[in-house]
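If you want the building blocks of each chain, they are given just below.
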Amino acid sequence: MSQKLLALLVLLAPANAMAELSVPSFFSDHMVLQRDCEASLWGKTDPGGAVTVTFKNATNTVKADQHGHWRAAIATGSADENGTTLKIAGSDRTIEIKDVLVGEVWFASGQSNMVFTMDRVPDYQAVMEEAKFDGIRMFNAPLVTAIEPQDDIAGQWTACQPDTIPQFSAVAFFFARKLHRELKVPIGVIKSAWGGKPVETFTSRTALRTLPGTKVLVEAAVTADSNFDPQRAQKQYEERLQSWKAANEAWQRKPAAERGRRPRRPQPPKRALDTEGQPGVLFNSMINPFVGYTIRGAIWYQGEGNAKPGAVPYDQTLPLLIRDWRQRWQSDFSFYFVQLANFRDPVAEPGNNDPWPLLQDRMRRVLNTTPRTGMAIINDIGEAKDIHPKNKHDVGERLALWALANDYGQKIVYSGPLYRSHSVEDNAVRVSFDHVGAGLKSRDGGALQRFEVAGEDQVWHWADATIIGKAVVQVSSKEVKRPVAVRYAWAANPEGANLVNSEGLPASVFRTDAWDDVEASVDTAATQRQQRRRELAVEIKALAAQRSALQRGTEEFRVATEKHRRLLEEFRSLAP
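Conventions and cut-offs
- Residues numbered from 1 in each chain as written.
- Predicted model: local features only at pLDDT ≥ 70, side-chain atom pairs only at ≥ 80, totals over all residues.
- Heavy atoms only, no water.
- Pairing = 2+ DSSP bridges.
- Helix = DSSP H or I, 4+ residues; strand = E, 2+ residues; numbered from the N terminus.
- Axes fitted to C-alpha atoms, helices over the stretch in contact; angles between N-to-C directions.
- Parallel < 35°, antiparallel > 145°, perpendicular 65-115°, else oblique.
- Left-handed = near helix turned anticlockwise from the far one by under 90°.
- Contact = heavy atoms within 4.5 Å.
- Nonpolar A, V, L, I, M, F, W, Y, C, P; charged D, E, K, R; others polar.
- Expected span 1.5 Å × (residues − 1).
- Buried < 20%, exposed > 50% of the residue type's maximum accessible area, 1.4 Å probe, protein only.
- Polar contact = N/O pair within 3.5 Å; in protein donor to acceptor, adjacent residues only side chain to side chain.
- Core = buried A, V, L, I, M, F, W, Y, C linked by side-chain atoms within 4.5 Å.
- pLDDT = per-residue confidence, 0-100.

Trainee: An account of the sheet that holds strand 14 (residues 418-425) is requested, with residue identities and associated values reported.
Mentor: On the basis of which strands lie adjacent, the open sheet formed by 4 strands has the order 14-15-20-19 and antiparallel pairing. Only two strands of the sheet have a single neighbouring strand rather than two, namely strand 14 and strand 19 (464-468). In this sheet, neighbouring strand axes are inclined to one another by 25° on average, regardless of whether the strands run parallel or antiparallel.

Following this line, the structure appears as structure tokens:
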């Protein structure tokens, strides 16, 4: 073979490899297709090449566009728990996807409480040992970032068995199990979530630029990205790494009883637009690849990362994400989310201004502004000292109730009581509720707790609350002669809140006022301050590691200590 011909073959090899028929990783063995529809499938092949998709008795042939991208729809038929082979044939190869089920498909996303796996709860051991559900399948997406929207992501579909369920999302599993048992059809869940991340990182930057508050976040990230100096960042990282190594060695030399916490190894530098907490990043890497996969709906457990003063209001950012996803999927699919659980130490006084109940209430308001949404209320199962409550069973099943009622037509009570309206009558306020079932009641049989009222002076007082009829609570206080506003469960941990419906589902936090005592305006400079705090945190950690390796009393130790003090002062001055 001549050298010219060999060189030509080498040049052509990558192009040919790219043109080979392929599909994204989630079109793979053990997948679940949405029943009773024409499910979308797509991939790549030669430009203009023909691709034939065959599933059971359905066949569809399409041609790839000029870039080699193809998309086909295939009729799935009724639910089927017997695995079938899906064939995708091109000019160069045939892909066979085995053990494909037909049923209901849901997309699960959010932060750590959606990531939270079954093996983290000892009480679920018996559930896991008995979890032999071949009809429940889950695709677990890995934690990856991307600067630009991606069209594929690694991962595989897994049937629910005792050896696989430990790594299943607990919320997604209990949601799927409830549906599987009630509907008697296969349930597929695509789980793509990442702990500790705000809602903005799961939303496209295109959508974020349409909202003033989130546009600022995008612009700040783009500016930080443009200022990124990879050589400088790498040099700083190597310096931090050397300091960490010295600190880690010093830590290892100490007696075990004196060690304390082990120094944390520094992370390699990343561009701002490739960092997981930045706006749009996880949309690019962990949402966009799945856009178009035919689903019945989505479940969402997130919000902890947005419950902070000055955040862009959640009743703006969550609807923005929902619209963004629906427009990209070209589907008005159902979207059910979890209201944040009670958290932190209980508060005994009225008039609380914690951002936690504010975000909970903004979640409630989304139900009134965004169609085909639902909210699982869980302010009765949280834990004061743990932002990750262990009870994921009730969370998943309460989400499933919304789906069973609204997507599958079951005549059931599917939500806890939700504020509908109120009226002031003499010295009392009457509050009407929806979703009361056979009627409102107290969970523990005692007097209703955690209602508070205020007059025009906007001073809050605990109220006496009495159930009137089936769906009304009358609220009053001897200290408020002319009440004008009511709040319920308005605290991060409203201990004692006990209003439920006939099915025992808890009432949501709400307020009837629009006073600014709990509102914090969006701080457009907050992102810049936060970015500087992050940079300082890295420097402080590196310097602390370096200082721990130095001998006390030396000049080097004194200089390092003084610099550490100055950095800490600046860090604290930038706190929210």
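That was the structure; now back to the text.
Trainee: Requested: an account of the packing of helix 9 (residues 314-329) against helix 10 (residues 355-369), with residues and values cited.
Mentor: Two numbers describe how helix 9 lies on helix 10: the axes approach to 8 Å, and their chain directions differ by 50°. Here helix 9 is positioned oblique relative to helix 10, judged by the angle of their axes. Between helix 9 and helix 10 lies a crossing whose hand is right-handed. Judged by residue contacts, Tyr314, Asp315, Leu318, Pro319 and Ile322 of helix 9 engage Leu359, Arg362, Met363, Arg365, Val366 and Thr369 from helix 10. Taken together, the residues of the contact of helix 9 with helix 10 sort by class into 7 nonpolar, 1 polar and 3 charged.

Trainee: Break down helix 10 for me, with residues and values.
Mentor: One turn of an α-helix holds 3.6 residues; hence residues three or four places apart share an orientation. Here helix 10 is 15 residues long and its end C-alpha atoms lie 21 Å apart, about the 21 Å a rise of 1.5 Å per residue gives. Most of helix 10 sits out of view: 11 of its 15 residues are buried. Of the residues making up helix 10, those classed as buried are Trp356, Pro357, Leu358, Leu359, Gln360, Asp361, Arg362, Met363, Arg364, Val366 and Leu367.

Trainee: I'd like to hear about the side chain of Asp513, residue by residue, with values.
Mentor: Its place among the elements puts Asp513 in the loop between strand 23 (510-511) and helix 12 (526-548). At a separation of 2.9 Å, a polar atom in the side chain of Asp513 contacts the side chain of Arg487. Excluding its chain neighbours within four sequence positions, the residues that come into contact with Asp513 are Arg365, Trp460, Ala485, Val486 and Arg487.

Trainee: Lay out the nonpolar core with the relevant residues and their values.
Mentor: Core analysis: the biggest nonpolar cluster contains 68 residues, and Trp70, Tyr293, Trp300, Trp325 and Phe335 have the highest contact counts within it. Top element by residues in this core is strand 7 (residues 94-110). It accounts for 7 residues.

Trainee: Run through the confidence of the model for the protein chain, naming residues and quoting values.
Mentor: Looking at the protein chain as a whole, the pLDDT averages 93, with 94% of positions reaching at least 70. Within the model, pLDDT remains below 50 along residues 5-17, and this stretch shows 2 contacts once partners closer than five positions in the same chain are excluded.

Trainee: Describe the pairing of strand 3 (residues 50-55), and please don't skip the residues or the numbers.
Mentor: Looking down a regular strand, the side chains alternate between one sheet face and the other. The two faces of strand 3 differ: Val51, Val53 and Phe55 on one face are buried, but Ala50, Thr52 and Thr54 on the other face are not. Between strand 3 and the antiparallel strand that follows it, strand 4 (residues 58-63), lie 2 residues; Lys56 among them carries a positive phi value of about 55°. Two elements, strand 3 and strand 6 (residues 80-89), share 4 bridges in a ladder whose sense is antiparallel. Each bridged residue has a counterpart across the sheet, and for Val53 the counterpart in strand 6 is Ile88.

Trainee: Could you give an account of the packing of helix 4 (residues 170-183) against helix 11 (residues 393-406), with specific residues and numbers?
Mentor: Running from N to C, helix 4 and helix 11 point in directions that differ by 45°, and their axes come no closer than 7 Å. Classed by the angle they form, the pair helix 4 and helix 11 counts as oblique. For helix 4 against helix 11, the interelement crossing comes out right-handed. Seen from helix 4, the contacting residues are Val171, Phe174, Phe175, Arg177, Lys178, Leu179, Glu182 and Leu183; seen from helix 11, they are His393, Val395, Gly396, Glu397, Leu399, Ala400, Leu401, Ala403 and Leu404.

Trainee: Which residues make up the sheet that holds strand 18 (residues 460-462), and what values do they have?
Mentor: Within a beta sheet, neighbouring strands are joined by backbone hydrogen bonds and run either parallel or antiparallel to one another. Read across the open sheet, the 4 strands follow the order 18-17-21-23; overall the sheet is antiparallel. Two strands bound the open sheet, and with one partner strand each, they are strand 18 and strand 23. By the bridge criterion, 2 bridges tie strand 21 (residues 485-488) to strand 23 in an arrangement that is antiparallel. Looking across to strand 23, one finds that Tyr488 is bridged to Phe510.

Trainee: Got a sec to walk through unusual backbone geometry? Specific residues and values, please.
Mentor: Within the chain, Lys184 stands out as a residue other than glycine whose phi angle is a positive 60°. At Arg344, a residue that is not glycine, the phi angle is positive and equals roughly 75°. Along the chain, Arg344 turns up in the loop between strand 12 (334-338) and helix 10. What makes Arg344 partly exposed here is its relative accessible area of 30%.

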